[in-house]
Amino acid sequence: MLLGVDYYPEQWDDSLMEADMDRILELGCNLIRIGEFAWHRMEKRPGEYDFSYFDNVIAMAREKGLKVIFGTPTATPPAWLIKEHPDVLSRFEDGSPRAFGGRHVACYSNRRYLEACGRIVKALAEHYKDEKTIVAWQIDNELGHEGSDLCWCEHCRAAFQAHLSEVFGGDIDRLNEEYGTAFWSQEYNSFDEIPLPSATITTHNPALRLEWERFCSKKIVDFAEFQSQLLHEVIPGCVVTHDFPGGGLDKHVDYSGVAAALDHTSYNNYPVWGGQKEPLPPHEIAFGLDYIRGLRGENFWITEAIMGAQGHDVTGFLPRPNQAKLWSWQGVAHGCDGLMYFRYRGATKGAEQFCYGILDADNVPRRRFFEAQSFFREVRGYEDVLTAPVKAEAAILYDYDSLASFRIQQQSILLDCGAEMKRLHGVLFRAGQTVDVIPASRDFSGYRLVIVPNMIVTDDAFLQRLKRYVAAGGCAVVTYRTAVKDRRNNLTFGKTLPVGCGELLGLRVEDTESVQEYDCIPLTGENGSGTAGIFRDMLVPDRAETLYRYNDPFYREYAAITRNAFGEGRAYYIGTTPDAAILEQVLGEAMAFAGLRTELLPEGVELVARESETRRARILLNHNESAVSALGVTLAPFEVKILEDR
């Protein structure tokens, strides 16, 4: 396993470097991650490359027996590039440029920026192509994060128009027809008349806006492919990775497309960030890990794990003793087979002074140092189990177009598709299930249970795969606003909802309602009553059985949650957002039908099963601030115990 720290020696006096590396070894590390924000250190003036500083860093790492992950520095272009070409700066929606001084301030449509990136990456790769100490290359840093997935400059407008022309084969009449631009007299005579969908009165055409989302994603995917291909051309067989930020489902970029350009996926795991009163709930942390693992369907690295409080301008919650260590164990339990802490030592200067590291600025080892040290020592004893592939029998599917469609037309002000997925995932989490969170384009035929939440944009190819899966004995749980729109983000004339899967679900949607409360709709069923909210489909079962119906005066004739036998399998439809008890009951029944073995776990206790060729381990994690008993074992606050089955 790669176990290490993120180290920024260029931010410190050179005299500290050897003592730093000795202490990094004392910590239990075999790796340092360097270089990702040091463009100016490598190229102080255009074309004048000087890698001597990092030559010395790598030489010392080699001498000490430390491996290196080297980051390409393209996230922070130097001031001289902006001075020379001010139009490299990306622009806000109002057209004003982003100022030099932050990070990710360059436009991915700007030819001069791309050329400068290509030059520095190629020069860096050529210089270190024979350096065996470098075990992986990290391209850029947290692509698409902090608003850098959107730019509204003239370069983007021209590139978007060219993109549309390519999509429609240069046929503007076809675009007008498929987008329905006759509405509000929006027909175009040529592609260069098409605007960026920036702020206007009311709103832009939803089909145009969906293609804008695809364009924004494609820019970043192309940028990742560009760097990855450059590195592979210069250094055949090298390992290329990227450190994805959290919140991937909310970005204007399909991270599964970025991941396809890589050899390995990495993740910056922040269960708590500046200004948060408390960390994310354990099931939401787990969801993020499962989502990252699902980008390539493989184990991943955590390139930034935390030990101390974090924040740029507003600092946050300090992880309690052993809590950050627990999060590290949670990461490796969910498929992380290499972990680095951010950062070795907290900064004294710059924007991240309150992102506390393993050491504080006074350079004195304290609890955080020894906690990280104990994690590195303990985790090595389970390396065979933790580096084996993760095996999941349940999957949650997501679709970039559908997520974008809801960003464009939210429909209910309370509807948050990511939150809905996490809620569904949380039920399985509490039952001790391992879950893959994967793109809907991925093969899901091998899972026992598949959940399809809010997939508003669908096509026949996906629906046929879903039908074949259920007919062959699979169990699918489909939620409201699925199969409503086509791939252009348009409704379908002459088709009853859910389009193309009424037979699978055994029902039709008679009507819909968006509500602006969480628990305002009464539900009743054979297993009791409860409430629902956010949205509801009025369901008319054909062959499906009604599990719950609406219990308000005007809509009692409509089903809310149904179950349908289809071939050898079963399909559930959840037509609203039910309360926790009802959701637990319905998904519990689905898990039982799918043959999943569930565990009754106390609140805040997590169970993850992992196995290698020679042994099996069940990892019990107590996320509670108090002691708790589970599976016959007593766990102290934030304690992790490994139950082995040889």
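Rules and cut-offs
Residues numbered from 1 in each chain as written. Predicted model: local features only at pLDDT ≥ 70, side-chain atom pairs only at ≥ 80, totals over all residues. Heavy atoms only, no water. Helix = DSSP H or I, 4+ residues; strand = E, 2+ residues; numbered from the N terminus. Rg over C-alpha atoms; globule rule 2.2 N^0.38 Å. Contact = heavy atoms within 4.5 Å. Areas by Shrake-Rupley, 256 points an atom, 1.4 Å probe, with all protein chains shown as cover. Lys, Arg positive; Asp, Glu negative; His and termini not counted. Charge placed at Lys NZ, Arg CZ, Asp CG, Glu CD. Salt bridge = Lys/Arg side-chain N within 4 Å of Asp/Glu carboxyl O. Phe/Tyr/Trp six-rings, centres within 6.5 Å; stacked < 30°, edge-to-face > 60°. Buried < 20%, exposed > 50% of the residue type's maximum accessible area, 1.4 Å probe, protein only. Pairing = 2+ DSSP bridges. Axes fitted to C-alpha atoms, helices over the stretch in contact; angles between N-to-C directions. Expected span 1.5 Å × (residues − 1). Arc of directions from axis to C-beta. Parallel < 35°, antiparallel > 145°, perpendicular 65-115°, else oblique. Left-handed = near helix turned anticlockwise from the far one by under 90°. Core = buried A, V, L, I, M, F, W, Y, C linked by side-chain atoms within 4.5 Å. Right-handed = clockwise from strand over helix to strand, strands pointing away.

Colleague: Give me the overall build of the protein chain: which residues, what numbers.
Modeller: Scanning the protein chain for helices and strands turns up 18 helices and 26 strands. For 646 residues, the compact-globule formula gives about 26 Å, and the C-alpha radius of gyration of the protein chain, at 26 Å, lands near that figure. Along the three orthogonal principal directions, the C-alpha set of the protein chain runs to about 75 × 70 × 40 Å. Taking the intrachain contacts of the protein chain between residues at least 6 apart in sequence as the baseline, contacts between residues at least 24 apart amount to 72%. Looking at the protein chain as shown, the accessible area adds up to about 25,600 Å², and 49% of this sits on carbon and sulfur atoms. Computing the positive centroid from 67 side-chain charges and the negative centroid from 93, the protein chain places the two 3 Å apart.

Colleague: Let's hear about the pattern of salt bridges: which residues, and what values?
Modeller: Taken as a whole and judged by the stated rule, the model has 45 salt bridges. With its nearest N and O atoms 3.8 Å apart, the salt bridge here joins Glu-352 to Arg-103. Taken as a pair, Glu-352 in the loop between strand 10 (336-341) and helix 12 (367-379) and Arg-103 in the loop between helix 4 (79-84) and helix 5 (111-128) lie far apart in primary sequence, 249 residues in all. Glu-589 is the partner of Arg-563 in a salt bridge, and the nearest nitrogen-oxygen pair spans 2.5 Å. On the criterion of sequence distance, the pair formed by Arg-563 in strand 19 (residues 559-566) and Glu-589 in helix 18 (residues 580-593) is long-range, its members being 26 residues apart. Within the structure, one salt-bridge network assembled from shared partners comprises Arg-174, Glu-178, Glu-211, Arg-214, Asp-399, Asp-401, Asp-459, Arg-487 and Arg-488.

Colleague: Kindly report on unusual backbone geometry, identifying the contributing residues and their values.
Modeller: Following Phe-342, the chain continues into Arg-343 via a peptide bond in cis, with omega recorded as -15 degrees. With respect to the helices and strands, Arg-343 occurs in the loop between strand 10 and helix 12. Leu-497 connects to Pro-498 through a cis peptide bond whose omega is -10 degrees. Within the chain, Glu-142 stands out as a residue other than glycine whose phi angle is a positive 45 degrees. Looking at the element boundaries, Glu-142 is found in the loop between strand 6 (134-138) and helix 6 (154-167).

Colleague: For the packing of aromatic side chains, give the residues involved together with the corresponding values.
Modeller: Evaluation of the coordinates by the stated rule reveals 32 aromatic pairs. Relative to Tyr-356, the ring of Phe-354 has its centre 6.5 Å away and its plane inclined at 40 degrees; by these criteria the two rings are tilted. On the accessibility criterion, Phe-354 (37% relative accessible area) is partly exposed. Three or more aromatic residues joined by ring pairs form one cluster here, namely Tyr-49, Phe-51, Tyr-53, Phe-54, Phe-70, Tyr-128 and Trp-137.

Colleague: Which residues make up the sheet that holds strand 1 (residues 2-6), and what values do they have?
Modeller: By way of backbone hydrogen bonds, the strands of a sheet pair with one another, either parallel or antiparallel. In spatial order, the strands read 1-2-5-6-7-8-9-10; together these eight strands close into a barrel with parallel pairing. Averaged over all pairs of adjacent strands, the angle between their axes in this sheet comes to 30 degrees, without regard to strand direction. The pairing of strand 1 with strand 10 spans four bridges and is parallel. Paired with Gly-4 across the two strands is Met-340, which belongs to strand 10. Of the strands in this sheet, strand 2 (31-34), strand 5 (67-71) and strand 6 are in contact with helix 3 (residues 52-64), which crosses strand 2 at around 170 degrees. Across the sheet, helix 10 (residues 282-296) is in contact with strand 7 (240-244), strand 8 (264-268) and strand 9 (300-305); its angle to strand 8 comes to roughly 160 degrees.

Colleague: With reference to specific residues and values, describe helix 16 (residues 460-471).
Modeller: Look at helix 16: 16 Å from first C-alpha to last across twelve residues, which is about the 16 Å you get at 1.5 Å a residue. Within helix 16 the residues assigned to the buried category are Phe-462, Leu-463, Leu-466, Lys-467, Tyr-469 and Val-470. Each buried residue of helix 16 sits inside an arc of 160 degrees when the element is viewed along its axis, so together they form one side. Every exposed residue of helix 16 that faces more than 90 degrees away from the buried side is listed here: Asp-460, Ala-461 and Arg-468. Contacts made by the buried residues of helix 16 are with strand 11 (394-398), strand 13 (449-452), strand 14 (475-479), helix 17 (502-505), strand 19 and strand 20 (569-574). Trailing helix 16 by a residue or two, Gly-473 shows a phi angle of about 115 degrees, which is positive.

Colleague: Describe the packing of helix 8 (residues 206-234) against helix 14 (residues 400-408), listing the residues and the values that go with them.
Modeller: The interhelical angle for the contact between helix 8 and helix 14, taken along N-to-C directions, is 125 degrees, at an axis separation of 10 Å. Judged by the inter-axis angle, helix 8 sits oblique to helix 14. Here helix 8 and helix 14 pass one another in a crossing that is right-handed. Between helix 8 and helix 14, the contacting residues are Pro-206, Arg-209, Leu-210, Glu-213, Arg-214 and Ser-217 on the first element and Tyr-400, Asp-401, Ala-404, Arg-407 and Ile-408 on the second.

Colleague: Can you tell me about the nonpolar core, naming the residues and giving the values?
Modeller: Residues Ile-32, Phe-70, Tyr-341, Leu-397 and Leu-449 are the most contacted members of the largest nonpolar core, which totals 180 residues. For this core, the element with the most residues is helix 5, which contributes nine residues. The residues contacting Ile-32, other than those within four sequence positions of it, are Val-5, Tyr-7, Met-21, Ile-24, Val-57, Ala-61, Leu-66, Lys-67, Val-68 and Ile-69. Listed in part, the 21 residues of the second largest apolar core include Leu-150, Leu-164, Phe-168 and Leu-196.

Colleague: Provide a residue-level description of the pairing of strand 2, including the pertinent values.
Modeller: The two faces of strand 2 match: Leu-31 and Arg-33 on one face and Ile-32 and Ile-34 on the other face are all buried. Handedness of the strand 1-helix 1 (residues 17-27)-strand 2 crossover: right-handed. In the sheet, strand 2 pairs with strand 5 via four bridges, with the strands oriented parallel. By the bridge assignment for strand 5, Leu-31 is matched with Lys-67.

Colleague: Give a description of the pairing of strand 8 that names residues and reports values.
Modeller: Within strand 8, five of the five residues are buried, which leaves it mostly tucked inside the rest of the structure. Neither face of strand 8 is left uncovered, since the one carrying His-264, Ser-266 and Asn-268 and the one carrying Thr-265 and Tyr-267 both have all their residues buried. Examined bridge by bridge, strand 7 and strand 8 share four bridges and lie parallel to one another. Paired with Phe-244 across the two strands is Tyr-267, which belongs to strand 8. Examined bridge by bridge, strand 8 and strand 9 share three bridges and lie parallel to one another. Paired with Tyr-267 across the strands is Ile-302, a residue of strand 9. Once the chain exits strand 8 it traverses helix 10 before rejoining the sheet at strand 9, and the crossover so formed is right-handed.

Colleague: How would you sum up the side chain of Asn-269? Please name residues and give values.
Modeller: Tracing the sequence through the fold places Asn-269 in the loop between strand 8 and helix 10. With sequence-adjacent residues up to four places away left out, Asn-269 is seen in contact with Ile-285, Leu-289, Ile-302, Glu-304, Ala-305, Ile-306 and Trp-327.

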